[in-house]
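# Descriptive analysis of the structure
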Amino acid sequence: MIHSFTKFKEKLMNYFFLLVATTSISILAMITLFLFKEGLPIFEKVGIKAFIFGNYWYPTADPAHFGIFPLIIGSVSVTLISALISIPLGVMTAIYLSEIASSRLREIVKPVVELLASLPSVVIGFFGMVIVAPFLQDHFNIATGLNMFNAAIMLAFMSIPTICTISEDALYSVPASLKEASLALGATSFETIVKVTLPAALSGISTAIILGLSRAIGETMVVLMVAGGAAMVPGSIFDPVRPLPGSIAAEMAEAPYRGDHYYALFAIGIVLFIFTFCFNIIADYLSNKYRQTGDATL
Amino acid sequence: MIHQKRKIAIMAAIMSVIGATISFAGNIVIKGSTTVLPIAQKVSEEYMKLYPEVKISLSGGGSGNGMKAIIDGSTDIANSSRFIKDSEVKLALEKGRYPVPFAVAYDCIVPVVHPSNPVKDLTLSQLKAIYKGEVTNWSQVGGGDLKIVVISRDTSSGTYEVWEEKVMSKENVYPGALLQASNGAVHQAVSKNKNAIGYIGLGYLDASVKALTVGNVQGTPESTLDGSFPISRPLYMFTEKWPAGDVANFLNFIIHPEKGQKMIKEIGFVPLY
């Protein structure tokens, strides 16, 4: 009797956890389904090629133009420039924290870096708009401080904590025996870091970078506030751009329900989804490919 | 297999509970223009506080959709940022409906620049040339030798709609224009940039930006009401027949100088009087 009750309890727990596990998956599946259902109808009006490579985004004009090429370029270029800032800063901070800093300093600096991640994006956006934009205007003599460069700096702020924390974990988990062996062979600690620790932690660092970038490309509030929002292909890094998430956020509220504009915004969502999906697949692939499985594999 | 089915059944049951929508029995249905939406929203909220027994269901969709809803009888009130078209009147009459217009507020959009900008006045055609990207330097319109930074609104906003209609005469703003998502954001961007020009609702003007006169007419509630300021328009609510009951009560509330009209002023539109 008691035995069967225990068994029943066991089974109940099984079901409970199955339910919990499948809830998030099924919600994700439903969101994906919804995204495609609401986005695909636009391709009956506009060809996929004209949508992706079209140069003009005038969704409410008559006749309407649904070309998102400038928006894609905006998103990609902002993300790339922010990567140029955030990758060196994030990875080098991680190296410093895990390999060089004293444990006491590490205890202080690491939480501070992580705190950066907890800043709401609207605060970062506001900072970019009110402090950084006028600064850029005054000191670089450019027409507007609301531009690609400003947005890239703000996005870098947001992805540095991700890149730093995950890289630091990866570096930290490199077996001590590897480093000790390298030092014992007469390598300096700089050589050890560059030639032994970094390669061993490469998979973790790559994952960190990709996750940091996917955060940057999907970020909405910051780019909406500081990227300027001009739907044209930028000629310099000080030109305003209009990344994909910014367009969705700015226009969705007033797009007529199930009108062409509405479908087009969801189609932009699909494009973004594909971007981040690819990033995640790359991250997954990298973390499996260069995985340090034991002391002997290096 | 059976287990699998049972799991699916459990999932389905849970989902149906989550998915069960809250039904919303509306005594007054309002549809139409997104420009009028903030007015309708604000006034409805206050109205429902006073008359909790009246439920107002509110949706956007644009002036055209509002008119369509009036014609097919699926709404009590249609919000519209334009007057009804002849073709729409005809369709409504065919269905035995007699649309009645009520002007509820005016929309007045004022071009603004940085306070340090010496330019005081621009004509409509100068504004259009600037927003088409044809005039790119302030010296071309009587200002200093500075590049013009054009700030516009997202194309689906009602403010942009007025601008497009009254200034651009339905032509597109050039793609290089910066785009901000709200009156507040345009205000912020203009107040921080001495090269910038933007446009905002009359209610958002303050000392940190400089309002331009358009063809020497200053944008004020008075110049809006007497029609001399060109970038303005009346906003309407249409009913499908002469209003009665809750609908009449609601319209009286919105037109009342101490009630609805006061709220309209608060959210940045020009009240009727």
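The written sequence of each chain sets the order in which its residues are numbered from 1. Here the convention is simple: chains get letters from A, ligands get numbers from 1, in the order in which they are written. Predicted model: local features are reported for residues with pLDDT of at least 70 only, side-chain atom pairs are reported and counted for 80 or more only, and whole-chain, interface and lining totals are derived from all residues. As a rule here, side-chain values come from all non-hydrogen atoms in the structure, and water together with hydrogens is ignored.

### Quick look at the domain arrangement of chain A
Residue and element names in this part refer to chain A.
- Domain segmentation is taken from an automatic or database assignment of domains. Assigned domains within chain A: domain 1 (2-44) and domain 2 (48-297).
- One C-alpha centre belongs to domain 1, the other to domain 2, and the line joining them spans 30 Å.
- Here a residue-residue contact requires only that any non-hydrogen atoms of the pair lie within 4.5 Å. Listed as interface residues are 11 residues of domain 1 and, on the opposing side, 13 residues of domain 2.
- Buried area is calculated as the accessible area (1.4 Å probe) missing from two parts once they are joined, with the contributions of both summed. Summed over both partners, the interface of domain 1 with domain 2 comes to about 1100 Å²; 81% of that surface belongs to carbon and sulfur atoms.
- Of all residues in domain 1, Glu 38, Ile 42 and Phe 43 give up the largest surface area on contact with domain 2, accounting jointly for 52% of the area buried on that side.
- For this analysis, a salt bridge means a side-chain nitrogen from Lys or Arg found within 4 Å of a carboxyl oxygen belonging to Asp or Glu. Along the contact surface separating domain 1 from domain 2 lie zero salt bridges.
- Secondary structure is summarised from DSSP: a helix means a run of H or I of at least four residues, a strand means a run of E of at least two, and numbering begins at the N terminus for each. Counting residues per element, the ones that place at least two in the side of domain 1 that touches domain 2 are helix 1 (2-39) and helix 2 (42-45).
- The biggest single contributor to the side of domain 1 that touches domain 2 is helix 1, with seven residues.
- In this classification, Asp, Glu, Lys and Arg are treated as charged, Ala, Val, Leu, Ile, Met, Phe, Trp, Tyr, Cys and Pro as nonpolar, and every other residue, Gly included, as polar. Residue classes in the side of domain 1 that touches domain 2 are distributed as seven nonpolar, two polar and two charged.

### Here's the deal with the domain arrangement of chain B
Residues and elements named next belong to chain B.
- What the domain assignment reports for chain B is domain 1 (4-106 + 234-266) and domain 2 (107-225).
- Placing a centre on the C-alpha atoms of domain 1 and another on those of domain 2 gives a separation of 32 Å.
- Between domain 1 and domain 2, the contact holds six residues from the first and seven residues from the second.
- Interface area for domain 1 against domain 2, summed over the two sides, is near 490 Å², with a carbon-plus-sulfur share of 51%.
- Three residues stand out in domain 1 for area buried against domain 2, namely Thr 34, Thr 35 and Tyr 106, and they jointly supply 78% of the buried area on that side.
- We define a polar contact as two N or O atoms separated by no more than 3.5 Å, with the added condition that, inside protein, one atom must be a possible hydrogen donor and the other a possible acceptor, whereas residues neighbouring each other in sequence contribute only through side-chain atom pairs. At the junction of domain 1 and domain 2, the tally comes to one residue pair in polar contact (both at pLDDT 80 or more).
- Of the residues in the side of domain 1 that touches domain 2, the class split is three nonpolar, three polar and no charged.

### Concerning the pattern of salt bridges
- Inspection of every chain in the model, using the stated rule, returns 20 salt bridges over all chains.
- The partner of A:Lys45 in a salt bridge is A:Asp260, and the shortest N-O contact between them spans 2.9 Å. You can see A:Lys45 sitting in helix 2 and its partner A:Asp260 sitting in helix 13 (residues 260-289), a full 215 residues away along the chain.
- For B:Lys262, the salt bridge goes to B:Glu258, with nearest N and O atoms at 3.6 Å.
- One continuous salt-bridge network, built from bridges that share partners, spans A:Arg106, A:Lys110, A:Glu114, A:Glu168 and A:Asp169.

### Examining the side chain of B:Asn117
- Topologically, B:Asn117 is positioned in the loop between strand 4 (100-113) and strand 5 (121-122).
- Those residues in contact with B:Asn117, other than ones at most four positions away along the chain, are B:Trp138, B:Lys194 and B:Lys210.

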